[in-house]
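What the coordinates show
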Amino acid sequence: MEAVSVYFRELNDGIWFVVGEAERFTPASMRKVPMMIALLKQAERDPGLLSRRIVARLKQDHNAYQNFKPAEAMEPGREYTVADLVKRMIVHSDNNAFFLLSGIVDMRQLDAVYSLLAVRDPVNGQGPGNPFTIQTYASFFRILYNATYLNKDMSDLALDLLTRVDFHAGVVQGVAPGVTVAHKFGEHSGDPDGKKQLHDCGIVYHPRHPYLLCVMTTGASFDYLDEAIASVSKIIYAEVEHQHGTEHR
């Protein structure tokens, strides 16, 4: 592994630390979280948005080069509601759903979400060359947990979708069985130097001390990057258990 950043925040009392805070990473599929936030904010003003139907017409399959492909593929030419597309984008990390939603989202609203964290929108003309620091990205999860941007119902909807993400390596692999994790992973490959990036960021609902954990990595192979993230997650979970003397039930 050539680069790693770790961000931890205890959500009850705000204790936090960051390792490798200066490292920057390509957000890749992590962009789907601010996209979801923007669409749900838009839906607060337009209650009919989530039930709007969209035909799945794309010029190419944007999932073709994913290493971790969606468990359920979309059918070209079929109609999907915006709500279903948001679910597929988050739960299955479906790039095709993401690109369809890119044509639905109000770009001013998406820009406003990124402006919350004083970063440029990598979807709106910036491409993969606009990397994030880990601390910046973690803030998207904080505003969902605290319901400080979306209303409570929309924040809860977003977090529920994130608990259903079907990526079970990374952070999820490092916590006790049955503990809920609201998270999103992202992968990036195709750089000229052949390096890969794998990230996982989310809220671990520890029974008494929920916390936010983000791990972002760069290396030569996804095979050991997901193991590295799981190892960090396991260490953090064990330390939280040790410090607070609780057992998961």
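Summarised in this report is the structure supplied together with it. (Residues numbered from 1 in each chain as written. Predicted model: local features only at pLDDT ≥ 70, side-chain atom pairs only at ≥ 80, totals over all residues. Heavy atoms only, no water.)

Some words on the environment of Gly103
With respect to the helices, strands and loops of the structure, Gly103 is situated in the loop between helix H3 (95-102) and helix H4 (107-115). Spatially, the C-alpha atom of Gly103 lies 26 Å from that of Thr163, the residues being 60 residues apart in sequence. (Helix = DSSP H or I, 4+ residues; strand = E, 2+ residues; numbered from the N terminus.)

Details of helix H6 (residues 152-163)
A turn of α-helix holds 3.6 residues, and therefore any two residues three or four places apart point the same way. Counted at 1.5 Å a residue, the expected span for H6 with its twelve residues is 16 Å, and the 16 Å between its end C-alpha atoms agrees. Where H6 is buried, its residues contact helix H1 (32-45), helix H2 (82-91), helix H5 (134-145), strand S5 (181-188) and strand S6 (196-204). (Expected span 1.5 Å × (residues − 1). Contact = heavy atoms within 4.5 Å.)

As for the pattern of salt bridges
Taken as a whole and assessed by the stated rule, the structure comprises ten salt bridges. Its salt-bridge partner being Asp160, residue Arg164 comes within 3.2 Å of it at the nearest N-O pair. Each of Asp84, Lys87 and Arg88 takes part in salt bridges that share partners, so that together they form one network. (Salt bridge = Lys/Arg side-chain N within 4 Å of Asp/Glu carboxyl O.)

Section: the environment of Lys32
Within the secondary structure, Lys32 sits in helix H1. Assessed through its relative accessible area of 2%, Lys32 is described here as buried. In the structure, Lys32 is positioned 61 residues away from Ser93 in sequence and 7.9 Å away in space, judged by C-alpha atoms. Beyond its immediate chain neighbours, meaning those up to four positions away, Lys32 contacts Gln66, Met89, Ile90, Ser93, Asp94, Asn95, Phe98 and Lys184. Within the structure, Lys32 has its side chain in polar contact with the side chain of Asn95 (distance 2.6 Å). (Buried < 20%, exposed > 50% of the residue type's maximum accessible area, 1.4 Å probe, protein only. Polar contact = N/O pair within 3.5 Å; in protein donor to acceptor, adjacent residues only side chain to side chain.)

Topic: the pairing of strand S7 (residues 211-219)
Burial of S7 is extensive: nine of the nine residues sit out of reach of the surface. On S7, burial covers both faces: Tyr211, Leu213, Val215, Thr217 and Gly219 on one face and Leu212, Cys214, Met216 and Thr218 on the other are all buried. When strand S1 (residues 3-10) meets S7, the two strands line up antiparallel, connected through eight bridges. Bridge assignment links Ser5 to a residue of S7, and that residue is Met216. When S6 meets S7, the two strands line up antiparallel, connected through nine bridges. Within the sheet, the bridge partner assigned to Lys196 lies in S7 and is Gly219. (Pairing = 2+ DSSP bridges.)

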